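This is what each chain is made of:
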Amino acid sequence: MTEFLYLNAGRGAGAFYQDRLPIHHTQVNQLPEGLDAVIVAADLQGRERFQEANGGPLRLLGEVVPQRLIDEIFPELGLTDPFRVAAFLAGDFYTVPALDKRGGTGDVSSVWKAFGENFAWVAGVAGNHDTFGENRDASPRFPGHLHYLDGDTIELCGIRLGGISGIIGNSSRHQRRSEDDYLFTLELLLEENCDVLLMHDGPEGLEPSQRGSLGIRTLLEESQDALVIRGHSHWDDPFIQFNNGLQVLNVDARIVVLTE
Ligand SMILES: [Fe+2]
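Residues numbered from 1 in each chain as written. Predicted model: local features only at pLDDT ≥ 70, side-chain atom pairs only at ≥ 80, totals over all residues.

Colleague: How would you sum up the overall build of the protein? Please name residues and give values.
Modeller: Helix and strand counts for the protein stand at 5 helices and 17 strands. Here the C-alpha radius of gyration of the protein, 17 Å, is about what a compact globule of 260 residues would show, namely 18 Å. With respect to the principal axes defined by its C-alpha atoms, the protein has extents near 50 × 45 × 35 Å. For the protein, the proportion of its 260 residues judged to be buried stands at 44%. In the protein, of all internal contacts separated by at least 6 residues, the share reaching a separation of at least 24 is 68%. (Helix = DSSP H or I, 4+ residues; strand = E, 2+ residues; numbered from the N terminus. Rg over C-alpha atoms; globule rule 2.2 N^0.38 Å. Buried ≥ 20, exposed ≤ 12 C-beta atoms within 10 Å, placed from the backbone. Contact = placed C-beta atoms within 7 Å.)

Colleague: Tell me about the sheet that holds strand β14 (residues 227–230), residues and numbers included.
Modeller: Strand order across the open sheet formed by 6 strands is β9-β10-β13-β14-β16-β15, with mixed pairing between neighbours. Looking at the sheet topology across the chains shown, the edges are occupied by β9 (152–156) and β15 (239–241). Ignoring which end each strand starts from, the neighbouring axes of this sheet average 20° apart. Bridge analysis of strand β13 (residues 196–199) against β14 gives 3 bridges, and the strand direction is parallel. (Pairing = 2+ DSSP bridges. Axes fitted to C-alpha atoms, helices over the stretch in contact; angles between N-to-C directions.)

Colleague: Describe the sheet that holds strand β1 (residues 2–8), listing the residues and the values that go with them.
Modeller: Strand order in the open sheet formed by 7 strands is β1-β2-β17-β3-β4-β6-β8, with mixed pairing between adjacent strands. For this open sheet the edge positions go to β1 and β8 (146–148), each flanked by a neighbour on one side alone. Sheet twist, expressed as the mean angle between neighbouring strand axes with direction ignored, is 20°. Taken together, the 5 bridges between strand β2 (residues 17–27) and strand β17 (residues 254–259) define a ladder with parallel strand orientation. Its bridge partner being in β17, I23 is matched across the sheet by I255.

Colleague: Requested: an account of the packing of helix α4 (residues 179–190) against helix α5 (residues 214–221), with residues and values cited.
Modeller: Packing of α4 against α5 brings their axes to within 10 Å, and their N-to-C directions diverge by 20°. The orientation of α4 relative to α5 falls into the category roughly parallel. Note on packing geometry: the crossing formed by α4 with α5 is right-handed. Contacts between α4 and α5 involve E179, L183, L186, E187 and L190 from the first element and G215, I216 and L219 from the second. When the residues that make up the contact of α4 with α5 are grouped by side-chain class, the tally is 5 nonpolar, 1 polar and 2 charged. (Parallel < 35°, antiparallel > 145°, perpendicular 65-115°, else oblique. Left-handed = near helix turned anticlockwise from the far one by under 90°. Nonpolar A, V, L, I, M, F, W, Y, C, P; charged D, E, K, R; others polar.)

Colleague: I'd like to hear about the nonpolar core, residue by residue, with values.
Modeller: Judged by nonpolar contacts, the single largest core of 73 residues is most densely connected at V38, I39, V40, V122, L198 and I229. Take this core: its biggest share by element is 6 residues, from strand β3 (residues 37–42). Sequence-distant contacts of V38, that is, excluding residues within four places in its chain, are made with L31, V85, A86, A87, F88 and L258. (Core = buried A, V, L, I, M, F, W, Y, C linked by C-beta atoms within 7 Å.)

Colleague: Outline α5, supporting the account with residue identities and numerical values.
Modeller: Of the residues making up α5, those classed as buried are I216, R217 and L220. The arc that holds every buried residue of α5, seen down its axis, measures 100°, which confines them to one face. (Arc of directions from axis to C-beta.)

Here it is in structure tokens:
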């Protein structure tokens, strides 16, 4: 495992601190057709360090991560063509520019675009702190190879992907929907036999410390085998498998590079 250093926001002016973003590498049985790797990430809530910004404004961590992966991680893994690599983004990529407040909400279009400029395609969901553009409630307007999913499915490179943005909560708040609405949307996606499900919220895990939704877990345990990618709640052990074979990868505050 490698780590990238970045700045994490603190509570109040000057309270920011240096933190570490773990980069993991895992091998999977099968990748989508035509790809050498998939990058999976969520909750990159930080900014680059001053020494990397060359005097400019500090960019969001997710804006600088794609080039750093290509420069520092891909050579170790023998990955030579970034356009044979795709990215799954599971939400929450914003941090306020002054790094003086935790959990700020803002525009993450630049992060999606950075992944889109460096890799073949991107599929993902919004976190509860993500907006796209100036209008808070607008859906993103992205080029055709950036696939924003919210209750939708899409077929890419021979796999069926589904996604639900936001979290379970008070539906009058940003990127939240009631538990009933969330679970209904998930049921509809599960009927489409997705190979990969992207969500920001997600199931509780197997350990009490692996926080999440019992309702989501119950639905997933009743469905068929799939890979669920989630963020939002930090799990020390990011990977679990339920008895029905369904696997959950929680990439909150980490990056996982999947290769075959
Ligand atoms: Fe979140």
